[in-house]
Amino acid sequence: MTTNFLEQLPEHIREIAKQVNVVTPEEILTTPKVQFLDTRSKSLHSLVRICTPDDVRVLKDAAAKWLAETPMSADSLFKPLANVRWSRITFGCPALDRCTGGGIVTRGITEICGASGVGKTQLLLQLAVCVQLPLHLGGLARGVAFICTEDAFPSRRMLEISKVFEARYPKENLNFLANVFVEQQFEVKPLLECVSNRLPQLMQQHAIGLIIIDSVAAIFRLFTDYDERTRDMRRLANDLLTYADKYNCAVICINQMTSSSATRDDKPMQDIPCLGLQWAHLGRTRLIVSKVPKQHRLGDQLITVRKLEIMYSPETPNNVAEFLVTSEGVVDVPVPPLEPTHAHKKIRL
Amino acid sequence: MLSLQNICKKSSFDLHNKRCFRISTGNKSLDVHLKGGIPLGKLIELIGNPGTGKTQMCMKLCLNVQLPRTLGGLDGESLFFDTRRDFNPNRLKELADEFERRYSTAGKSKAMNAEQMLRNVHYVQCTSPAHLIAQVRMTNKYLAANPNIKIIIIDSLSFALRMIQTVRQRYELLLELYVSMRSMLYQHQDQWIVTNVFTNYYNRRSKKYCRVPGMGRMHSILVNERIWFSQNGTYYLGKNEKTRRIIE
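Residues numbered from 1 in each chain as written. Chains lettered and ligands numbered in written order. Predicted model: local features only at pLDDT ≥ 70, side-chain atom pairs only at ≥ 80, totals over all residues. Heavy atoms only, no water.

As annotated in an unreviewed UniProt entry, chain B carries the name DNA repair protein RAD51 homolog 3 and is attributed to Drosophila willistoni. Per UniProt, the comment on chain B under Subcellular location (unreviewed entry) is "Nucleus". (UniProt positions renumbered as here; feature names shortened; annotations may be inferred.)

As annotated in an unreviewed UniProt entry, chain A carries the name RecA family profile 1 domain-containing protein and comes from Drosophila willistoni. Recorded in UniProt for chain A, the comment headed Subcellular location (unreviewed entry) runs: "Nucleus".

Okay, here's the thing in structure tokens:
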């Protein structure tokens, strides 16, 4: 592709590009004009033709024409080929699906934040099963790449949940565990290397519909040099977004909560997600999971109710939904049946 | 020989009388402060943390520009550069349906059709800085082919340039983008909207991190107007954190 681009340029323009050693259209556009005009660093032996600003303009315009695509109308984004970019993965739980407008979107990075022990990994395991369901049941019929950075992968719980879904949809006959690819990385450099080198190989060989990183906070929290941390976070997010675009899969990153330092307005200390502003800018949707001071009796146990809140999302308002984590996985809070009250009895009379 | 007559043709009285068309933002108090809406021929920046409604305002402006002149629009089309993948056509359709409901009952001569409104929004996804720069450079030709495009939105400029490592390179590329945008502003008299976010800047004098608009001070000088979005829904207007005015 790059040789074709260079060949169609006029001779002297091609010389300029080769002098500065910038040959692909992407590099030409992201190199500042000054680098083309500055010929002082070239050796005296090579024939250097003086480069004028007009030449640089012609070169950059040619590169722009090579890379640019024609805008399409928003109307045509509803056609099936384009609309598939905004597909959703169901949660397997009606309340959560209603709250998020259908489930997790396969676009951009979805962030799930929450304190420890609140049920984030449970949601992930259920999503890992749901993504393998066929399209008419809310899944994508594709596998999962699960990257753990904290504890070992909870395989026993995964087996439990996959059995629940096998019982729910016996006709599908899916081997849920076979399509979950697990990797454990505890440090930054190996994780970045895994995501940039090994993950694309996996995605070429198997159909992956969901990439999970549990958790991002554990990896990046220990940094002291904020510049390096920002660079690494951006590199990670950039790789993930490239795969999400190319293979149309959803990306979920887990984040933890920390308490905010005292601000100028003397607000009380509240829980905010970790990793600060730079990470928040990279995410597209943010969901916060927390415990509600309410308990539900199931059989002879008291289970704490959890809630999922949409902090921000481009397509849904800030909804809240409550759910429970039981042996059946993530389920709705059952609504107790209505009991007839005295008022009703009066009306009947 | 150039005579003074040819150079200074317009007086400020002429400029004052020239009608400046504006696009309503959808928020009444913001419109009042902007004297009717966002003016044409300017580069406006929307700045705010994630989740404050910048992309929603951009989508609303895409639809507002299609309203007739009497209702605060410009009867024109819009061009949307999406670098953050925040755009969702389903959400745009929701907004367009609401527009159709609101303006069809008013009994105006030209009915607002949701599908037609969606067709007037041109969309491009830019995945890398090179791609965005290429698109902006080619916009001139696209505007010549579609002269009815009145508003161009880049959401968001800071996200597109985030992967460029050196500050010097980012600065130079930003300037090159401005040169392209400005030439189109003067030529076509349309409007460019750019979204930006905050970043933490280490102030060496006070040895503290303070929250400043991203992309540097030169960018703050080069945009014409800046609208701030905050978490609790209030808007601010102004360039600097100290000189901004709150919109009630």
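Resuming the write-up.
*Asks:* Requested: an account of helix α5 (residues 89–104) of chain B, with residues and values cited.
*Replies:* Working note: α-helix, 3.6 residues per turn, so residues spaced by three or four point in the same direction. All names here are of chain B. Across its 16 residues, α5 extends 22 Å between first and last C-alpha, which sits within 8% of the 22 Å expected from 1.5 Å per residue. For α5, the full list of buried residues reads Pro 89, Leu 92, Leu 95, Ala 96, Phe 99 and Tyr 103. Around the axis of α5, the buried residues are gathered within 115° of arc, so they sit on the same side. Against α4 (54–64), α6 (114–119) and β5 (121–125) lie the buried residues of α5. Where α5 begins, the side chain of Asn 88 points an oxygen toward the backbone nitrogen of Asn 90, at a separation of 3.1 Å. (Helix = DSSP H or I, 4+ residues; strand = E, 2+ residues; numbered from the N terminus. Expected span 1.5 Å × (residues − 1). Buried < 20%, exposed > 50% of the residue type's maximum accessible area, 1.4 Å probe, protein only. Arc of directions from axis to C-beta. Contact = heavy atoms within 4.5 Å. Polar contact = N/O pair within 3.5 Å; in protein donor to acceptor, adjacent residues only side chain to side chain.)

*Asks:* Break down the pairing of strand β4 (residues 77–82) of chain B for me, citing the residues and quoting the values.
*Replies:* Residues and elements named next belong to chain B. Judged by how many residues are buried, β4 sits mostly within the fold: six of six residues are covered. Here β4 shows two buried faces, one formed by Glu 77, Leu 79 and Phe 81 and the other by Ser 78, Phe 80 and Asp 82. Bridging between β4 and strand β6 (residues 149–155) involves six bridges; their strand directions are parallel. Paired with Leu 79 across the bridge in β6 is Ile 152. Summarising the sheet, β4 and β5 pair through five bridges and their orientation is parallel. (Pairing = 2+ DSSP bridges.)

*Asks:* I'd like a description of the sheet that holds strand β7 (residues 191–196) of chain B, backed by residues and values.
*Replies:* Pairing in this open sheet of nine strands is mixed, and the strands run β1(A)-β5(B)-β4(B)-β6(B)-β7(B)-β3(B)-β10(B)-β11(B)-β12(B) from one edge to the other. The open sheet has two edge strands with one neighbour each: β1 (72–73) of chain A together with β12 (245–247) of chain B. Where strand β3 (residues 43–48) of chain B meets β7 of chain B, five bridges bridge the pair, whose relative direction is parallel. Across the sheet, the residue bridging to Glu 45 of chain B is Val 194 of chain B, located in β7 of chain B.

*Asks:* Quick rundown of the domain arrangement of chain A? Include the residues and the values.
*Replies:* You'll often see interface size given as the accessible area lost when the parts meet. Per the domain assignment, the segments of chain A are domain 1 (2–78) and domain 2 (88–332). For domain 1 of chain A and domain 2 of chain A, the distance between their C-alpha centres works out to 42 Å. (Domains from an automatic or database assignment.)

*Asks:* Give me the lowdown on the packing of helix α7 (residues 129–145) of chain B against helix α9 (residues 167–188) of chain B, citing residues and values where you can.
*Replies:* All names here are of chain B. One can describe the packing of α7 onto α9 by two numbers: an axis separation of 9 Å at closest approach and a directional angle of 10°. As judged from the angle between their axes, α7 and α9 are roughly parallel. Residues Ile 133, Val 136, Arg 137, Thr 139, Asn 140, Leu 143 and Ala 144 of α7 touch α9, and the partners they reach there are Leu 173, Glu 176, Leu 177, Ser 180, Met 181, Met 184, Gln 187 and His 188. Its residues assigned to classes, the contact of α7 with α9 shows eight nonpolar, five polar and two charged. (Axes fitted to C-alpha atoms, helices over the stretch in contact; angles between N-to-C directions. Parallel < 35°, antiparallel > 145°, perpendicular 65-115°, else oblique. Nonpolar A, V, L, I, M, F, W, Y, C, P; charged D, E, K, R; others polar.)

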